[in-house]
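Coordinate analysis (summary)
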Amino acid sequence: MAISEAFFERVDAGRFLATEYTRGPWDPGSQHAGPPAALLGRAVEERAGARTDMRIARITYEILRPVPIGPLEITTSVLRAGRSTEVVEAALAPAGTAPVMLARALRIRVAEEAVPGVAPGPQLPPPGEVEVTPFFPVPWETGYHSAMETRFTQGAFVSLGPGTCWMRMKVPLVVGEETRPLDRVLIAADSGNGISSVLDFGRYVFINSDLTVHLHRHPVGEWACVEARTSVDAGGIGLADARLHDEKGPIGRSAQSLFVAPRS
């Protein structure tokens, strides 16, 4: 059966069908967290009555259970509304069941040239100067790994230690809809722990149950870069911390809390 050339199909305003491109590397029936993270971020920005003079400055995801590949429903609610800031929550659930993923976003009002812009940090080598880097071996042909183009400037998926990886979507987030720069950043940010793994994939699991993304600048362009480093305590708690970039320079940071354990 042919699959749609996108991560999701829109059924109606709040319902979607996940395609095989959302499949993660560990379970054939579960999604990589990147695509649903991007979908929830879009829902926050597109909800009915959303203010156009605000944008996401921080979004935190709680991954309550594996996100299945299939029909999904998204609901949104405003938790706090102010003149300069608001907090919006979005929930993702398989049709008719409890949420499997939550997002809580802080949106801040923006104005043109309100203050002098300051962009800390150097630019990275552009993706056009870097060779395509393959994913680590995945036991199925179609999934997140086949829908993303990856180019490492430091490290690799199969190398241990810090890594810096440019990422670009090969297919749209939603069938027939424009892919936006924010989609591209949020779909890549959950890959920080894989980009900077410090333990052997074959011997250990290091699973994130959350993701927080801070953005000081709205992203531009087709490429997002995750410059990541992972730390692990002997008690089995880890942190993947990353600086996020687009082709103009740094745009923010992401962080993932990790559960780390030997494979059984």
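All of these numbers come straight from a predicted model, not from anything done at the bench.

Cut-offs used in this document
Residues numbered from 1 in each chain as written. Predicted model: local features only at pLDDT ≥ 70, side-chain atom pairs only at ≥ 80, totals over all residues. Heavy atoms only, no water. Disulfide = S-S within 2.5 Å. Buried < 20%, exposed > 50% of the residue type's maximum accessible area, 1.4 Å probe, protein only. pLDDT = per-residue confidence, 0-100. Helix = DSSP H or I, 4+ residues; strand = E, 2+ residues; numbered from the N terminus. Contact = heavy atoms within 4.5 Å. Polar contact = N/O pair within 3.5 Å; in protein donor to acceptor, adjacent residues only side chain to side chain. Salt bridge = Lys/Arg side-chain N within 4 Å of Asp/Glu carboxyl O.

**Concerning the state of the cysteines**
With the rule as written, the count across this model stands at zero disulfides. The cysteine C165 is free of any disulfide, with C225 supplying the nearest cysteine sulfur at 6.9 Å. Relative accessible area serves as the criterion here: at 1%, C225 is assigned to the buried category.

**Observations concerning the confidence of the model for the chain**
Predicted coordinates in areas of low pLDDT are best not read in detail. Per-chain confidence: the chain averages 93 in pLDDT, with 95% of residues scoring 70 or above. Looking at the elements of the chain, mean pLDDT is at its lowest for strand β9 (residues 204–208), recorded as 90, and at its highest for strand β10 (residues 210–215), recorded as 98.

**Points about the environment of E141**
Here E141 shows up in the loop between β6 (101–109) and α2 (144–147). For E141, a relative accessible area of 72% translates into the label exposed. Separated by 121 residues in sequence, E141 and E20 place their C-alpha atoms 9.8 Å apart.

**Focus on the environment of R217**
Along the polypeptide, R217 turns up in the loop between β10 and β11 (223–232). C-alpha of R217 to C-alpha of H245: the two residues are 28 residues apart in sequence and 9.8 Å apart in space. Sequence-distant contacts of R217, that is, excluding residues within four places in its chain, are made with R55, D246, K248, G249, P250 and I251. A polar contact is formed between the side chain of R217 and the backbone oxygen of P250, at a distance of 3.5 Å.

**Observations concerning the pattern of salt bridges**
Pairing between side chains of opposite charge can happen when their charged atoms approach one another. Evaluated as defined, the whole model comprises 17 salt bridges. When the shortest N-O distance is used, the salt bridge between R47 and E86 registers 2.9 Å. Highlighted residues: R47 in the loop between α1 (34–46) and β3 (54–63) and E86 in strand β5 (residues 85–94), separated in sequence by 39 residues. Residue class for R47 comes out buried when judged on its relative accessible area of 10%. E222 is the salt-bridge partner of R168, the closest N and O atoms lying 3.2 Å from each other.

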